[in-house]
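Residue strings, one per chain:
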Amino acid sequence: MSYSTAALVGPVTLDDVRGAQKMLSGVARVTAMEGSRHLSQLVGSPVHLKCENLQRTGSFKLRGAYVRIAGLLPEQRAAGVVAASAGNHAQGVALASSLLGVRSTVFMPKGAPLPKISATRDYGAEVRLHGQVVDETLAAAQEYAERTGAVFIHPFDHPDVIAGQGTVGLEVLEQCPEVRTVVVGIGGGGLVAGIAVAVKAVRPDVRIVGVQAEGAAAYPPSLAAGRPVAVEHPVTMADGIKVGRPGDVPFGIVGELVDEVRTVSEDELSTALLLCLERAKLVVEPAGASPVAALLSDPGAFEGPVVAVLSGGNVDPVLMQGVLRHGMAAQGRYLAVRLRLTDRPGALATLLGVLSAVDANVLDVSHVRTDPRLGLTEAEVELHLETKGPEHCAEVGRALREAGYPVIG
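Residues numbered from 1 in each chain as written. Predicted model: local features only at pLDDT ≥ 70, side-chain atom pairs only at ≥ 80, totals over all residues. Heavy atoms only, no water.

**Remarks on the overall build of the protein chain**
Stage number 1. Across its full length, the protein chain carries 16 helices and 14 strands.
Stage number 2. Over its C-alpha trace the protein chain gives a radius of gyration of 24 Å, about what one expects of a compact globule, namely 22 Å for 409 residues.
Stage number 3. Its C-alpha atoms give the protein chain principal-axis dimensions of about 80 × 50 × 40 Å.
Stage number 4. Residue burial in the protein chain is summarised as follows: out of 409 residues, 56% are buried. (Helix = DSSP H or I, 4+ residues; strand = E, 2+ residues; numbered from the N terminus. Rg over C-alpha atoms; globule rule 2.2 N^0.38 Å. Buried < 20%, exposed > 50% of the residue type's maximum accessible area, 1.4 Å probe, protein only.)

**Examining the sheet that holds strand 14 (residues 378-386)**
Stage number 1. Here we have 3 strands laid out as an open sheet, ordered 12-14-13, and antiparallel in their pairing. With one partner strand each, in any of the chains shown, strand 12 (334-342) and strand 13 (361-368) form the two edges of the open sheet. Mean inter-strand twist for the sheet, computed between neighbouring axes without regard to direction, equals 20°.
Stage number 2. Across 9 bridges, the pairing between strand 12 and strand 14 is antiparallel. Looking at strand 14, one finds that Tyr 334 is bridged to Glu 386. (Pairing = 2+ DSSP bridges. Axes fitted to C-alpha atoms, helices over the stretch in contact; angles between N-to-C directions.)

**Notes on the nonpolar core**
Stage number 1. If you look at the biggest cluster of nonpolar residues, it comprises 64 residues, and the most contacted ones within it are Ile 69, Val 81, Val 93, Val 179, Val 182, Ile 195 and Ile 208.
Stage number 2. Ile 69 has contacts with Arg 77, Val 81, Val 93, Ala 96, Ser 97, Leu 100, Val 102 and Ile 153, leaving out every residue within four places of it along the chain.
Stage number 3. Judged by nonpolar contacts, the second largest core, of 37 residues, contains Val 264, Leu 273, Val 284 and Val 306. (Core = buried A, V, L, I, M, F, W, Y, C linked by side-chain atoms within 4.5 Å. Contact = heavy atoms within 4.5 Å.)

**Let's talk about the confidence of the model for the protein chain**
Stage number 1. Across the protein chain, pLDDT averages 90, with 95% of residues at or above 70.
Stage number 2. Every residue in residues 1-9 is under pLDDT 50, and counting partners more than four places away or in other chains gives 31 contacts. (pLDDT = per-residue confidence, 0-100.)

**Description of the pairing of strand 6 (residues 126-129)**
Stage number 1. The pairing of strand 5 (residues 104-108) with strand 6 spans 4 bridges and is classified as parallel. Looking at strand 6, one finds that Phe 107 is bridged to Arg 128.
Stage number 2. Tracing the backbone out of strand 5, into helix 6 (residues 114-122) and back to the parallel element strand 6 gives a crossover that is right-handed. (Right-handed = clockwise from strand over helix to strand, strands pointing away.)

**Some remarks on helix 9 (residues 190-202)**
Stage number 1. End to end, helix 9 covers 19 Å across 13 residues, agreeing with the expected 18 Å (1.5 Å per residue, within 8%).
Stage number 2. With 11 of 13 residues buried, helix 9 is to be regarded as a mostly interior element.
Stage number 3. Among all positions of helix 9, only Gly 190, Leu 191, Val 192, Ala 193, Gly 194, Ile 195, Ala 196, Val 197, Ala 198, Val 199 and Lys 200 are buried.
Stage number 4. Considering only its buried residues, helix 9 is in contact with helix 1 (14-23), helix 8 (159-175), strand 8 (181-185), strand 9 (207-213), helix 11 (248-257) and strand 11 (306-310). (Expected span 1.5 Å × (residues − 1).)

**What to know about the sheet that holds strand 5**
Stage number 1. Taken together, 4 strands build an open sheet; the order of strands is 6-5-4-7 and the sheet is parallel. Of all the strands in the sheet, just strand 6 and strand 7 (151-153) have a single pairing partner and so form its edges. The average angle at which neighbouring strand axes cross in this sheet is 25°, direction not considered.
Stage number 2. Across 3 bridges, the pairing between strand 4 (residues 81-84) and strand 7 is parallel. Considered in strand 7, the bridge of Ala 83 is made with Ile 153.

Written out as structure tokens, the structure reads:
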């Protein structure tokens, strides 16, 4: 689903982004640009992946955090900094603060992935867990700043942060000067705003497309209303773009410079993450895979050459396991079934023989004999199967029914 944007004005200039680029020299990596043959075939023109998942700390967030903290006055640095984040901004602030010799405190949601919490501490920050979503964590961090005098480093709603993120856009133009479309995931909007400022100032003909998760899509209603509108209880696996309200500063820039905002489903995010892993050999978190999800959902909508910005790779292994399974199911490569059979010796072996005959690989078996729902001679079996696609799933179902097994789920 896509939405057109309305015209508003923002306060970040190309000179700001170029100044940030000089400041980040030797700090942030110039990340790789990798071609994708599979996506190029789907879109019908070259598609390149801008690999910010390979940036220091695993995401683009170091860029904006460093520029913001480096710009503080000496007395502000002495007071320390505080930030709020689901993980990527937290790590960016922690590392930037350590590099600049500034004390940092980072508030993170209670459900933040454990690897992100651990990494933030390892980069030198004091971590405090508060709230369930980023917006609640932001409020706690802002209260801490008011109470202690620490400088609040917003993850997206500040011109310096946006200028730092915009350096990704300058690299895109340098690495792919023929680019026609840049696709970027959107949470609060700092990354897409910065990229839009940099790219549109040099190449106003380039189309900028933002992507949000359907369950956390605050920009479409905000753009329709002409002001930031909060989405209550955002829900998505993509914690990096799980933001309930656009930032005031990036919202103005998005309205002025971003050509379109699209939304993608959880199934599409899962499939995109799986594709990045299998085809591009890149570990990407769901938020970072959102541009790829947009390309997969509507490949004919993007004029090439296309650059998809993979914004981060800090994915929780537990989440990765679930997302990959979800993505495989969406592609018809994973099938879970429950069925009943007669509880007698050899019954399970007979069932597995039926599955073997249709070349379904059994990953896991759960065999229940005692349950009030079951008859005296019945057993219930739950099977997790690896399959080869939708047609193979249908073939497995037919084989089970023809063998007389009542599938109940």
